[in-house]
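Residue-level structure breakdown
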Amino acid sequence: MAYAYLFKYIIIGDTGVGKSCLLLQFTDKRFQPVHDLTIGVEFGARMITIDGKQIKLQIWDTAGQESFRSITRSYYRGAAGALLVYDITRRDTFNHLTTWLEDARQHSNSNMVIMLIGNKSDLESRREVKKEEGEAFAREHGLIFMETSAKTASNVEEAFINTAKEIYEKIQEGVFDINNEANGIKIGPQHATTNSTLSGSQGGQQAGGGCC
Amino acid sequence: SVPPFCFFSLSLSFFLSLSLSLSVALSFSLSLSFSLSPSLSLSSLSLSLSACMGFVISIILSLKCIYWGCVFQFLWRFRFLMYLQEYEARAGKAGSGGTSPTQPQHGRRKNLDFEPLSTTALILEDRPSNLPAKPVEEAQRHRQEYDEMVAEAKKRELKEAQRKRKEMKERFKQEDSIANAMVVWNHDILPNWDNMRNTRRVRELWWQGLPPNVRGKVWSLAIGNELNITPELYDIFLSRAKERWRSFSETGSEADDGASLADRESSLDLIKLDISRTFPPLFIFQKGGPYHDLLHSVLGAYTCYRPDVGYVQGMSFIAAVLILNLEEADAFIAFANLLNKPCQLAFFRVDHDLMLKYFAAFEVFFEENLPRLFNHFQISNLTPDLYLIDWIFTLYSKSLPLDVACRVWDVFCRDGEEFLFRTGLGILRLYEDVLLQMDFIHSAQFLTRLPEDIDSDRLFACIVAMPMLNGNKKWSQVKNGDVCTE
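On a predicted model such as this, the values are computed, not experimentally measured, just so you know.

1. Here we look at the interface of chain A and chain B
- Across the contact, 39 residues belong to chain A and 43 residues belong to chain B.
- Between chain A and chain B, roughly 3600 Å² of surface is buried when both sides are summed, and carbon and sulfur atoms account for 60% of that area.
- Per-residue buried area on chain A facing chain B is highest for A:Leu37, A:Ile39 and A:Phe43; these three make up 20% of the total on that side.
- Linking chain A with chain B are two salt bridges.
- Of the charged contacts, one joins A:Lys56 and B:Asp439 as a salt bridge, the two residues approaching to 3.8 Å between their closest N and O atoms.
- The interface formed by chain A and chain B includes 10 residue pairs in polar contact (both at pLDDT 80 or more).
- Looking at the side of chain A that touches chain B residue by residue, the class counts come to 14 nonpolar, 18 polar and seven charged.

2. Overview of helix α10 (residues 268–275) of chain B
- All of the buried residues in α10(B) are B:Leu268, B:Leu270, B:Ile271, B:Asp274 and B:Ile275. One side of α10(B) carries all its buried residues, which in axial view fall inside an arc of 150°.

3. Quick notes on the packing of aromatic side chains
- Summed over all chains, the structure comprises 42 aromatic pairs over all chains.
- Taking 5.6 Å as the distance between ring centres and 20° as the angle between the ring planes, the aromatic pair formed by A:Trp60 and B:Phe440 counts as stacked. Of this pair, A:Trp60 sits in strand β3 (residues 53–62) while B:Phe440 sits in helix α21 (residues 440–448), each in a different chain. A single burial state applies to A:Trp60 and to B:Phe440, both of which are buried.
- In this structure, A:Arg46 packs its charged tip against the face of A:Phe26, placed 4.2 Å from the ring centre.
- Of note, A:Arg69 hangs over the ring of A:Trp100, and the distance from its end group to the ring centre comes to 3.6 Å.

4. A word on the packing of helix α4 (residues 136–189) of chain B against helix α7 (residues 212–223) of chain B
All names here are of chain B.
- It is at 9 Å that the axes of α4 and α7 come closest, and there the two elements cross at 35°. Regarding α4 and α7, the two cross each other, and that crossing is left-handed. Across the interface between the two elements, Ile178, Met182, Trp185 and Asn186 of α4 pack against Pro212, Asn213, Val214 and Val218 of α7.
- Tallied by class, residues from the contact of α4 with α7 come to six nonpolar, two polar and no charged.

5. Some details on the state of the cysteines
Residues and elements named next belong to chain B.
- This structure, assessed with the given rule, holds zero disulfides over all chains.
- Of the cysteine sulfurs around Cys343, a residue in no disulfide, the closest is that of Cys413, at 13 Å.
- According to the relative accessible area criterion, Cys343 is buried, its value standing at 0%.

6. Here we look at the pattern of salt bridges
All names here are of chain A.
- With the rule as written, the count across this model stands at 28 salt bridges over all chains.
- Lys29 is the salt-bridge partner of Glu157, the closest N and O atoms lying 3.0 Å from each other. Of this pair, Glu157 sits in helix α6 (residues 156–173) while Lys29 sits in the loop between α1 (19–28) and β2 (41–50), and the two are 128 residues apart along the sequence.
- Given a relative accessible area of 26%, Glu157 falls into the partly exposed group.
- Taking the relative accessible area as the measure of exposure, Lys29 reaches 54% and is therefore exposed.
- Taken together, the shared-partner salt bridges connect Lys29, Arg46 and Glu157 into one network.

7. What to know about the environment of B:Lys134
All names here are of chain B.
- Along the chain, Lys134 falls in the loop between α3 (102–113) and α4.
- Residue classification places Lys134 among the partly exposed positions, given a relative accessible area of 22%.
- At a separation of 2.9 Å, a polar atom in the side chain of Lys134 contacts the side chain of His142.

8. Overview of α21(B)
- Burial within α21(B) is extensive, with seven of its nine residues counted as buried.
- Buried residues of α21(B): B:Phe440, B:Ile441, B:Ser443, B:Ala444, B:Phe446, B:Leu447 and B:Thr448, and no others.

9. Structural notes on the confidence of the model for chain A
- Model confidence for chain A is summarised by a mean pLDDT of 87, while 89% of its residues fall at 70 or above.
- Within the model, the stretch residues 191–212 of chain A combines pLDDT values under 50 with 36 contacts to residues more than four positions away or in other chains.

Conventions adopted
Residues numbered from 1 in each chain as written. Chains lettered and ligands numbered in written order. Predicted model: local features only at pLDDT ≥ 70, side-chain atom pairs only at ≥ 80, totals over all residues. Heavy atoms only, no water. Contact = heavy atoms within 4.5 Å. Buried area = accessible area lost by both parts, 1.4 Å probe. Salt bridge = Lys/Arg side-chain N within 4 Å of Asp/Glu carboxyl O. Polar contact = N/O pair within 3.5 Å; in protein donor to acceptor, adjacent residues only side chain to side chain. Nonpolar A, V, L, I, M, F, W, Y, C, P; charged D, E, K, R; others polar. Buried < 20%, exposed > 50% of the residue type's maximum accessible area, 1.4 Å probe, protein only. Helix = DSSP H or I, 4+ residues; strand = E, 2+ residues; numbered from the N terminus. Arc of directions from axis to C-beta. Phe/Tyr/Trp six-rings, centres within 6.5 Å; stacked < 30°, edge-to-face > 60°. Lys NZ or Arg CZ within 6 Å of the ring centre and 35° of its normal. Axes fitted to C-alpha atoms, helices over the stretch in contact; angles between N-to-C directions. Left-handed = near helix turned anticlockwise from the far one by under 90°. Disulfide = S-S within 2.5 Å. pLDDT = per-residue confidence, 0-100.

Below, the structure written as C-alpha cells:
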C-alpha cells in the first residue's frame, strides 16, 4: 500500500508492563490476557492517517529484561518514536524509568519523540503509581504522557497516533531531516504502486534507500 | 449359487417365526398384567376392557414384529448380496467366468456403498396436489440438476474417503514405525549406549526423531552430566531457593526500592511472572496448572546453582520442554548441563561479542547456501539477530510447534550447536519463496512468528539440503574466525 511516510517506533520498558499487549491491541484490536514472553524483539505494523496523509508505522517491540538491554540498545538506531511503558500497579517499573530514559537518549537520535505510557489503567484498585506522578515525570523530562489500558483499549490508539502527530509536526517544522534515514523516517514511494500490498510496500522500502 | 439361497430363505423363515412367537408371548404377558391389576377392584367391566386393550396391543406388537422381520429380511438380503458378490469375485478369479445375472447386483452394491450421505436427505418430490404441476421440462431440468448434484457430491465424498483412508494408512504406518523404533531404542541401543551412539545405524534412526517415551532418556544421555550434579544436590539448591523466596516475600515486597535492578531481576519473583507466560496455550504451566510449581522449582534452583548466570528470559521455555520429557531432578541435571554448553552460555550470559561471532558464522553459511535470500535480506536490512535471538534462546521451542521443536532438539542433542544454526537455514530454505516476496517488516514478522502448520518432514528435508560446509571449512572453524571477517 502506498504511504507518504514510514515511521519506525520502538517500545521499551520493564518486563511484564504490557508492551506486547499494547502492540497487539493497536495492530489487531484484541487483547490476550496471557501473552507469550518476548525474547529479543517482535514486530508490528499499521497504517494511520494524519493530516490526510497515509503514514505507515513500523513498530519494534523489545524484550524488557535487564539482561537484554545490550541487545535492544542497537534497536534504537533509526527510531523516530519511542513508547516508554511502565505498569501503574508496579511501582518498581516506574522507578526504573530514569535508566530507560538514559538508555534511550544515549542510543537514539536526539529528535526521537518519546511518549511515556502508564499502562494497565483498568486495574485502578491495584494502582501504585498516581497519574500525577506520571505527569510530573513527563513534564520534567519533556515527554508526552498518557495512561492506557491494553485490556480495554483505552487511549491505545491515541498513544500511537499522538506520537506520530508529534513526529509529523517536527517534520513540518523542519526539525527532522527526512532524507537522513537515521532519523527513522522514510518517504514513501512517490507514485502509488498498482501491485499487491507486499510488493507495494517493498517498493517503498527500496525507495527509502538501500542498505546501511 | 444354490447354497446361499437356501441359507437366505432359512434365515428369513427363522426370523419370521422368531418374531411371531415373540409377539405372541409379549402380548400374552401384557394382557395378563393388564387384566390382573384391575381385577383387584373386582369390576368385570374393567376386566373385559383390559382384555380388549391387551388384544389391541398384541396386534400392534405383532405388526411391529412383522415390520422388524422385514427389516431383518432386508438386512439379510443385503448381506447375502455381499456374500454373492464375494462368491462371484472368487469364482471369477478362479477362472469360471462371471455370469450375467450378477452384473446388475454388482452395480447395485457399489451404489449402496458410495451413496453420498449429504444427498440422502434430499427428496425429490413433485409439487403437492393443491398446486399446479411442474411443466415437464422444468421437472426434467430439476431431475437433471439433482442428478448433477448427486454426482458431484458422490465425487467429493469418494475423494474425501480416499483422502481419509490414505491419512489413516499414513498414521498407522507412522505409529508402527514409532513402535518399532521404540523397541530398537529400548532393547538394542540404550543398553549399549556408549558403543552404539555413534554408529551409522543409530545416527540414522536418531535423525528420524526419537520415540516420545525414550526421548527424555536419550536427551539425558546425549547431554551428559559434565557438572556431576546429583539429585541430592538439586534438593539442596531447591531448598535454598525456597528459603530465598520466603525471605523475599517477607521483607522484599514493599522495600524493593533500594534493591538494585539486577537483584530484583534475578529474584524468584520475576521467574514467577514468566512461568505463566511460558507456553500459555498449553495451560499446564500457568498458576494452578500441574507443572507450574515444577517449573518454578527448576528455575529457582538454577538461579541458586548458577548466580553468575542467573535467570534469563528464554530459560523457562527450555526448562519447560525438559520437564515435559523428564523427571524433576533429571530435568534439572539436563537443564544445567545444557546451559553450560558454549553456545548456550554465550547467549544466556548475553555475551554480545560472542553472540555476534555466532551470527557472523551463520551469515557465512546463509550466503553460501541461499545466496538469493541472503541478498534480499541484506537489501531490506534484515539482520540475523532479529530472528536468531528468539530461535536460539528458546531452542526453537517458542517459534516452532512443540512436536517439531522436539525433533529439532533430538538432532541438536546428536549434532550439537551447529544443528541449531542449520535448522535456522532449513527454515529459511523452507520459506525462501515466500520470504523473497516480502519486505523488511513482513519478513521480520513472519520469522518471529512462524506458521503453526509447519511440517516436520518438509522442514527436515530442507535442513538436509543445507550442508554446513564453507569451502572445506566446518561450522566450528568458521565460527572461530578462521574465515569470517565480517
